[in-house]
Structure formats: structure tokens, C-alpha cells
Amino acid sequence: MNFDLSEEQELLQETVKQLLANELPATHLREIFEGDTGHDPALWKGLVEMGIAGLIVPEEYGGADLELLDLAVCAEALGWGGAPGPFFGHSVACIALELAGSEAQKKSWLPRLATGDAVGTFAFGEAGGLWNPSEWTLVGGDTLTGVKLNVPTASLADLLVVGVAGGGLVLVERSASGISVEDMQGVDRSRRIDSVTFENTPCEAMPGDLAAANRVRDAALILLAADAFAAASKLVDMCVEYAKTREQFGVTIGHFQGLKHQLANMAIDIEPSRALYWYAAHAFDHIPEESERSAALAKSHISDRAMEIGRDSVEAHGGIGFTWECDVQLWFKRAMFDRAFLGTPSLHRDRIAQMSDW
Amino acid sequence: MDLSYGQEYEDFRNEVRAFLDANWPPKESATDGKSLGDIANEFREKAVDHGYLLRNIPKKYGGCEQSPDSMKAAVITEEFRKVHAPQSFGGIGPMMLVPTLLERGEEWQKEKFVAKSVRGEYQWCQGYSEPGSGSDLASLKTRADLVGDEWVINGQKIWTTTAREADFMFCLCRTEPDAPKHGGISYLLIPMDQPGIEVRPLKQMTGGADFNEVFLTDAKTPKDWIVGKRGEGWLVSRTTLKHERNGIGGAGRNDVMLAGLVSLATNAVRNGKPAIEDAEVRRQLVFIEGYMKSHEYSSFYQLTRDVNGKEPGRLGLMNKIVGTNISHHVARFALDLLGDGGLLDPSADDRSLGRVPGEARQWVTQYMYSLGIAVAGGTANIQRNVVGERGLGLPRDTFANADRSAKQ
Ligand SMILES: Cc1cc2nc3c(=O)[nH]c(=O)nc-3n(C[C@H](O)[C@H](O)[C@H](O)COP(=O)(O)OP(=O)(O)OC[C@H]3O[C@@H](n4cnc5c(N)ncnc54)[C@H](O)[C@@H]3O)c2cc1C
């Protein structure tokens, strides 16, 4: 048994963190967060040059052929740095092509996605909180007519993987006719969400079935869990730093045991859950019978913990914590995204209960 | 990352299975007239001979001295558990004293105590806490003076678990009254069966009495029954405490607790249906499982780090409180599922009421016991201090560190 990251994985994570430390200082992150697009093409280019865009794309299509765990540890590093942009949607689109695409579709898209020449995303959500493949209602066929909601970074994408009724997936080019994309003004301004309306939009069915779509969803859940872990850890770190510098009553506030214990509780709540997302990511590639359940458990547990830590973090900062100016809100909102996207913790707990033998 | 055991260990698993097939449960002809305890012990000896139990205990102290291999250990535990075969003795002696002796004891001490302690022939109790010294353990006052070839001990210990059953106590005593608080303590081993020791049971809130007060009045122990040097007792006690906390905070019981909750929810009724069908109940089970699995997989991680000689980071400081937090969740949820069962006195006799209330009483006991373990081995607040100060690097408590005293 070996349950730890490899040296390569640690290096990968370190390299991403380093890139963000250099290219995404707090002031710049804030500019992007407050800007019109929530995107920094130069930063994305830097990540693409590192190989992030094609990390898990198979080698024959020009990718690095790594596993979901590798991608998830990158997601953690990106979340820690607050990285904006298309990473999440793009990664899930790549996974969808690999798991559900035809040979021709893979050949046509994966090499471009792997090099970052094309950007992908996925459109799963529908009105009424419908996220799961078995619930999708948008009717497939040669063309699509209808609306998908909460599509991550659709305005940056060249290719959309769209979920349709019956749990099928179809490919839609962003340049196809009859598509309109509208910014939904999401809470996390570093990962924008759009509504995408199709009207007789040409699309191409992917051969993958409901099971393939479910696996794509599971991969997305694990990436969200990794990001939520990062957001929570970052918030704990910010609170600790603040507690070491802010003074009241003539001492730094970290001296006060009430606050110290709050911060300790936050760390105790989140720290063990890193292993939960590692396990889910590992299971995705190596323990198929546990994969679906452990992905849902990681997402529900960690995003729940992260949101609570977000609340505690605002409190731990006092008045400044409640301001737009304070960076706590950036990761607080990441946690909000990770918690709600693809369904709330209770939704996934219900699914897990159903998958249980009790 | 690799969670599989691999061929080598699957071969080993087959060996273990073959051993168990042949030896457990034992053939009826071999057990005639023997007590259950003797049968279990005979089996244990065979298992030691085969290298399956007491693996980390050197041969000369009665173990089988296998090179550390946590995977083999895990395989053995799994297979023994499957057929309900006896495992090594647990409890205060094997879990706390033995590792301390192996790490810090004199040769003759190991020879005298280890073999019998790991076989449960010697029972131990831990004499740390005193009425005035709990979290601030280093303020302890029980005094030991060297008179001729003997230590003469006077003072009082409290909350001493299994003191009535114990043959010996490992005890922190003040031997250097002029030294600073931490430097004046020694770690003594004391025979319990002597006129200078009086043990009085303390009744717990559960109605049972696992712990006791121990009064030491000119109690005696030989001069060389000291672990570490004079004045090094604090250091030695840190070794023991680490083992105690990891014992309390282990993830090993999570599966049993979760299965217990599932069974309770299956038998309990909510809105006229089995509670296990209720959506809120189902969510709550999964909620608790999220914490349990995090804890369990974190233990895989710590094991891996340990095997590779690497530090586990902050996580290593959290095991006890993560474990007790899980027990709190389990306890609260169980009380909720128990409904009217939560009205029952946990210690009462159920002969007149039948089996079901008996189960309820066990859960009420567990409900209360989760609080006992939150206090024993260093309270939750003390754990929070440790995580805050050593894990997060926050400033150390000025009161508690004026003299470095908290039970950390
Ligand atoms: C079931 C059980 C079994 C036990 N078995 C044994 C045994 O076998 N041998 C043995 O020696 N002892 C044993 N103990 C004793 C146990 O180690 C002590 O109870 C424990 O260390 C706390 O000490 P105390 O009871 O004096 O509480 P106190 O130290 O008085 O604590 C009271 C409260 O004050 C808080 N507090 C104290 N100091 C601080 C601080 N610095 N910061 C914040 N909060 C603080 C504590 O967290 C607690 O909430 C056992 C206890 C229990 C409950």
C-alpha cells in the first residue's frame, strides 16, 4: 500500500503553485475578478505551456496521458492560487471526449484541446436544479433547441459537450448557428457561468451512453472537491496569517485562545479531507466499483466543510472580513461555487444513500 | 498511489488463511474441558510462533520479532477479524507501557515485564492525573523519596482506569522537589498489591466504575524500578502519551460505529416507517461517513509517511480530536434515533424488560462515553491548543507556558 503523492505529483503541484505565485499576485487576481471576462489569456497560456490543458488527454492525441489524481492535485494548486479561467470546464470536456467520444471525434478535437489551441467546456445544468445525466431533458438529435444553465466559462469555449435527454452527450461548436451565450453573473467571478440557448443548433452525437456521462460527472465532482479543499485550506491560512499580525488589546489576536481554538477547529475540520479527494481520484482510475460513491462523498463532504470555513473566515477577520476589499471573499465565493455546482451536498448525500447497501 | 496489496501480500494472505483454517475455531477434541480464555491463549501462542501476533515485540521478550510491515499487519488483522479469531491483547499495558519500555526501558525491565504484559498476565494502570493536576499534569505533587534501596511514595492519583485489576502502576512522581516543575518528575513502576496502596472505585456518570482513586501512603517500589533517569519522567511520559492518543484517535472503530448506527436506524421507527427509510436519517449517516472516511484515508496517508520515514505534517497532531469529534457525531445521532430509549438509565438491569431496551442502554452508555474519551488522554481544548500552536504556529498561551505545563 502506498497512499501518498508521488514525487512527480508533488513537483507538478509545486510547479503550478509557483507559476501562480509569479503570474497571479493578489492585485492581479483582483483585477481579473472585477474585470469583464474573468479571464487572463496570458495566464492560461502559461498553464497551457506547462501542459495543463492536455494533462489527462491520451498520448496518441498529444496529451500527457496522466490520471485523474494528477489533474485533481493541479486543481488543488489552482484553487489555492485562486486561478481564474477555463481550467475546470476545459478539463471536463477533455474527459468527456475521452470517455464518450468516437474515434473521429477524439481525433478531431483532443489534439487541439491538448495544445490549448481550442478551449472546451461542458453544459450539464438545466432549470430546476437538474444536473445528473439521468435527469436531463434537452432533446438530442441532429440539432438542439433549448437552454442549458450554469455552463462554466462558455464564453471562452470553442467546443461544448452538452448533456441531452437519456443521459447522452453531444458536441456543439461554439461557432455553430443558433447559439446565444449570456453571462449569468455568477457569484464566483473567477469562474464565470453562462446560460447557453440553442435554436436549431447543429450538433453531433457522441457514442457514449448514460454510464459514460455519469463517469464524466464523477470526474467533475472530484475536481470540485479538490478545489473546495484548496479554498478551505487557503482560507485557514489567511486567517492564521491575519491572527499573527492584527493587534488588539496590545497583542496579536492569535494570542486569544477563543480565536486560536476557532482556527484550530477549522484546520481540524478540513485537513483530513484531503485524503478523501485523493481517494476518490485514485478510485476513479483504479477502483471502479467505488468510484461513483466516493466521488459524491468527496464533493458533498469537502464542499460543505469549505463553506463553513468560509463563514468562519469572515468572522475571524472582523469588519474587514465583510468587505469587498478583503480577499477572503474570493475564496469564500470559490467555496460557494464548489458547493452548489453539480448539486448541493444534500443532493449527493441522497444519491450516496441510494448507492448504499442499507 | 497504490491501495492494492500486490501478489506478495496476496500470497501472504493465503498463508494466513491456511493457518486460520487449521487452527480457528479449534477442533472440539482439542478444547475438551478447557476454559475459553485458555483456548484463546493457546491459539495466540500458535499465532505468535507463526509470526502473526506480537510482531513488533523482540523474540527475547516473547514476541516474534518480524520486520515492521504494516501491510502484513493489515492483512493479518483483516483475516483474523473475518473468522473472529483472538487478536493480541489490548489495554493499557500492551498499548501504552510496552511501547514505552521498548523505547526507553532498561534491558532487565524489558525482560521482566514485556512478555507477561503483552500476554495479559500482568495488568497495568496509568498513574498520571491527580486531584490538582489534570491538564496541568506537570504540577503533580505525588512524591517519591529514595530511602535506602527503595522509593517511598506518598500522594494521590485519580481517574486511574483499571487500578483495581492492575498488578502494577506506571506512575509519575516528584522526586526532585527543588528542580523546575518538568525536570523534577520521575517515571516509576509500582506493584499495586501492597499495604501502602489503597484503591477506591469512582462511580462514573454511566453508573459503572472503570476508574478509581489511588491513595499512596508510604507505598514502596525498588530503587531500579524507574524508567529513564531521575528527573526524566516527563520526557518518558511523552512517549506513553503519544501511544495513548493514537490509540484513542484511531480510525479502526469507524466501520463498527457506522454499522451500529445503520442497525439502530433499521430497528428504530420514524413516521411509522423504519428510520433507515427516512431521507434525513439517510443523509445524516452519509454526513458522518464523510468524516469517518476522511479519517480512515488520512490514516493510510500517515502510515505511508511513517513507512517512508516522512513526517505527516499537521495531521499527525489531529488524530485524537478528529476521532473524538466523530464519536460526538455518532453519539448525538444515536440518541436521536433512540427516541424514548434515551430515557433509560444505562446501568440498569434489563431482565424484566427484554432485549431491546438492553440495546438502548448500551447506546446510552456510548452516548456518555464519547465524553469520557474526549477528556481522557488530554482534553479537546488541550488538543486545540496543540493544533493551534504547534500545527498553525499561533502564539503560545502565556498562562500555560509561563512554566510549560499543559498536558501537551
Ligand atoms: C474516562 C477517563 C479515563 C481516564 N483514565 C485515566 C488514567 O487511567 N490515568 C490517568 O492518569 N488519568 C486518566 N484520566 C484523566 C484525564 O487524563 C484527565 O481527566 C484530563 O487530563 C483532564 O484533567 P482534569 O480532569 O483535571 O481536567 P482539567 O484540567 O481541570 O480541565 C477542566 C476543563 O478546563 C479546560 N482547560 C484546562 N486547561 C486548559 C488550557 N490550558 N486551555 C484551555 N482549556 C483548558 C479543559 O479542557 C477542561 O475542559 C481519565 C479520564 C477519563 C475521563
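Residues numbered from 1 in each chain as written. Chains lettered and ligands numbered in written order. Predicted model: local features only at pLDDT ≥ 70, side-chain atom pairs only at ≥ 80, totals over all residues. Heavy atoms only, no water.

**What about the overall build of chain A?**
Tallying secondary structure elements over chain A gives 12 helices and 9 strands in all. For 358 residues, the compact-globule formula gives about 21 Å, and the C-alpha radius of gyration of chain A, at 20 Å, lands near that figure. Here chain A holds 358 residues, and 61% of them are scored as buried. When the accessible area of chain A is evaluated, it comes to approximately 13,200 Å², of which 50% is carbon and sulfur surface. The positive charge centre, built from 27 side chains, and the negative charge centre, built from 52, are 5 Å apart in chain A. (Helix = DSSP H or I, 4+ residues; strand = E, 2+ residues; numbered from the N terminus. Rg over C-alpha atoms; globule rule 2.2 N^0.38 Å. Buried < 20%, exposed > 50% of the residue type's maximum accessible area, 1.4 Å probe, protein only. Areas by Shrake-Rupley, 256 points an atom, 1.4 Å probe, with all protein chains shown as cover. Lys, Arg positive; Asp, Glu negative; His and termini not counted. Charge placed at Lys NZ, Arg CZ, Asp CG, Glu CD.)

**Concerning the pairing of strand β6 (residues 193–202) of chain A**
Consecutive side chains along a regular strand alternate between the two faces of the sheet. Residues and elements named next belong to chain A. Where strand β2 (residues 143–152) lies against β6, 7 bridges are found, and the strand directions are antiparallel. The partner of V147 across the bridge, within β6, is T197. Of the strand pairs in this sheet, strand β5 (residues 179–183) and β6 are connected by 5 bridges, and their pairing is antiparallel. Opposite V181, over in β6, you have V196 as the bridge partner. (Pairing = 2+ DSSP bridges.)

**Things to note about helix α12 (residues 380–391) of chain B**
Residue and element names in this part refer to chain B. Most of α12 sits inside the fold, with 10 of its 12 residues counted as buried. Listed in full, the buried residues belonging to α12 are A380, I382, Q383, R384, N385, V386, V387, G388, E389 and G391. Of the residues flanking the end of α12, it is G393, one or two places downstream, whose phi is positive at about 75°.

**Structural notes on the environment of N132 of chain A**
Residues and elements named next belong to chain A. One can find N132 in the loop between β1 (120–123) and β2. As for N132 and L342, which are separated by 210 residues in sequence, their C-alpha atoms are 7.6 Å apart. With residues up to four places along the chain from it excluded, the contact list for N132 reads R217, L347 and R351. (Contact = heavy atoms within 4.5 Å.)

**Regarding the side chain of H261 of chain A**
Structurally, H261 of chain A can be placed in helix α8 (residues 257–270). Sequence-distant contacts of H261 of chain A, defined by excluding residues within four places in its chain, comprise N381, R384 and N385 of chain B.

**Some points on the site of the ligand**
In the vicinity of the ligand, 19 residues are found, and the nearest of them are Q257 of chain A together with S129, S135, W159 and T379 of chain B. Chains contributing residues near the ligand are chains A and B. A distance of 2.6 Å is found between an oxygen atom of the ligand and a side-chain nitrogen or oxygen belonging to T379 of chain B. The separation between a nitrogen atom of the ligand and a polar side-chain atom of N385 of chain B is 3.3 Å. Contact with the protein chains covers 71% of the free accessible surface of the ligand, which is 980 Å². (Near = heavy atom within 4 Å. Polar contact = N/O pair within 3.5 Å; in protein donor to acceptor, adjacent residues only side chain to side chain.)

**Notes on the packing of aromatic side chains**
Applying the stated criterion across every chain, the model contains 39 aromatic pairs over all chains. For the ring pair F3 of chain A and Y279 of chain A, a centre distance of 6.4 Å and an interplane angle of 50° mean the geometry is tilted. Taken as a pair, F3 of chain A in the segment before α1 (7–23) and Y279 of chain A in helix α9 (residues 274–286) lie far apart in primary sequence, 276 residues in all. Like Y279 of chain A, F3 of chain A is buried. The interplanar angle of 50° and the centroid separation of 6.4 Å between the aromatic rings of F3 of chain A and Y297 of chain B together place this pair among those described as tilted. Pair noted here: F3 of chain A is in the segment before α1 and Y297 of chain B is in helix α9 (residues 279–307), and the two residues belong to different chains. Residue classification places Y297 of chain B among the buried residues on the basis of a relative accessible area of 4%. One aromatic cluster is present, formed by W108, F113, Y122, W124, Y128, F168, F170, Y187 and W225 of chain B through successive ring pairs. One cation-aromatic arrangement involves R191 of chain A over F337 of chain A; the distance from NZ or CZ to the ring centre is 4.1 Å. (Phe/Tyr/Trp six-rings, centres within 6.5 Å; stacked < 30°, edge-to-face > 60°. Lys NZ or Arg CZ within 6 Å of the ring centre and 35° of its normal.)

**A closer look at the domain arrangement of chain B**
It is common to give the size of an interface as the accessible area that goes away when the parts come together. Under the domain assignment used here, chain B contains domain 1 (7–87), domain 2 (122–230) and domain 3 (250–398). Using only C-alpha atoms to locate each centre, domain 1 of chain B and domain 2 of chain B end up separated by 35 Å. (Domains from an automatic or database assignment.)

**A few points about the interface of chain A and chain B**
Taken residue by residue, the interface counts 45 residues in chain A and 41 residues in chain B. Carbon and sulfur atoms supply 66% of the area buried between chain A and chain B, which totals about 4,300 Å² over both sides. Between the two partners, chain A and chain B, sit 7 salt bridges. Taken together, chain A and chain B are joined by 16 residue pairs in polar contact (both at pLDDT 80 or more). (Buried area = accessible area lost by both parts, 1.4 Å probe. Salt bridge = Lys/Arg side-chain N within 4 Å of Asp/Glu carboxyl O.)

**Structural notes on the sheet that holds β6 of chain A**
Residues and elements named next belong to chain A. Pairing in this open sheet of 3 strands is antiparallel, and the strands run β2-β6-β5 from one edge to the other. Each end of this open sheet is capped by a strand with a single partner; those strands are β2 and β5. The average angle at which neighbouring strand axes cross in this sheet is 10°, direction not considered. (Axes fitted to C-alpha atoms, helices over the stretch in contact; angles between N-to-C directions.)

**As for the side chain of R349 of chain A**
Within the fold, R349 of chain A resides in helix α12 (residues 345–355). Judged by relative accessible area, which is 8%, R349 of chain A ranks as buried. Ignoring anything within four residues of it in the chain, the contact list for R349 of chain A reads S300, H301 and D304 of chain A together with R283, V286 and F287 of chain B.

**Points about the domain arrangement of chain A**
Residues and elements named next belong to chain A. Segmentation of chain A into domains returns domain 1 (7–114), domain 2 (120–209) and domain 3 (211–355). Between the C-alpha centres of domain 1 and domain 2 the distance comes to 20 Å. With 25 residues of domain 1 at the contact, the number on the domain 2 side is 23 residues. On the domain 1 side of the interface with domain 2, the three residues burying the most area are F33, Q105 and W109, jointly 30% of the side's total. Applying the counting rule to domain 1 against domain 2 returns 11 residue pairs in polar contact (both at pLDDT 80 or more). Secondary-structure elements contributing two or more residues to the side of domain 1 that touches domain 2 are α2 (26–34), α5 (87–100) and α6 (103–114). It is α5 that provides the largest number of residues to the side of domain 1 that touches domain 2, a total of 8 residues. Residues belonging to the side of domain 1 that touches domain 2 are distributed by class as follows: 12 nonpolar, 11 polar and 2 charged. (Nonpolar A, V, L, I, M, F, W, Y, C, P; charged D, E, K, R; others polar.)

**A short note on α2 of chain A**
All names here are of chain A. Residues of α2 that are buried include every one of L29, R30, I32 and F33, and no others. What you see down the axis of α2 is that its buried residues fit within an arc of 160°, all on one side. Residues of α2 that are exposed and angled more than 90 degrees away from the buried face: T27 and E31. (Arc of directions from axis to C-beta.)

**Here we look at the environment of G63 of chain A**
All names here are of chain A. Along the chain, G63 falls in the loop between α3 (41–50) and α4 (68–81). Along the primary structure G63 and G128 are separated by 65 residues, whereas in three dimensions their C-alpha atoms are 37 Å apart. With sequence-adjacent residues up to four places away left out, G63 is seen in contact with G54, V57, P58 and A114.

**Let's talk about the packing of α1 of chain A against α3 of chain A**
To characterise two packed helices, one gives the angle between the axes of the helices and the distance between these axes. Residue and element names in this part refer to chain A. Direction vectors running N to C along α1 and α3 enclose 155°, while the axes themselves pass 11 Å from each other. As judged from the angle between their axes, α1 and α3 are roughly antiparallel. Remark: the crossing between α1 and α3 carries right-handed chirality. Here α1 contributes T15, V16, L19, L20 and E23 to the contact with α3, which in turn contributes L43, G46, L47 and M50. Of the residues assigned to the contact of α1 with α3, the class counts are 6 nonpolar, 2 polar and 1 charged. (Parallel < 35°, antiparallel > 145°, perpendicular 65-115°, else oblique. Left-handed = near helix turned anticlockwise from the far one by under 90°.)

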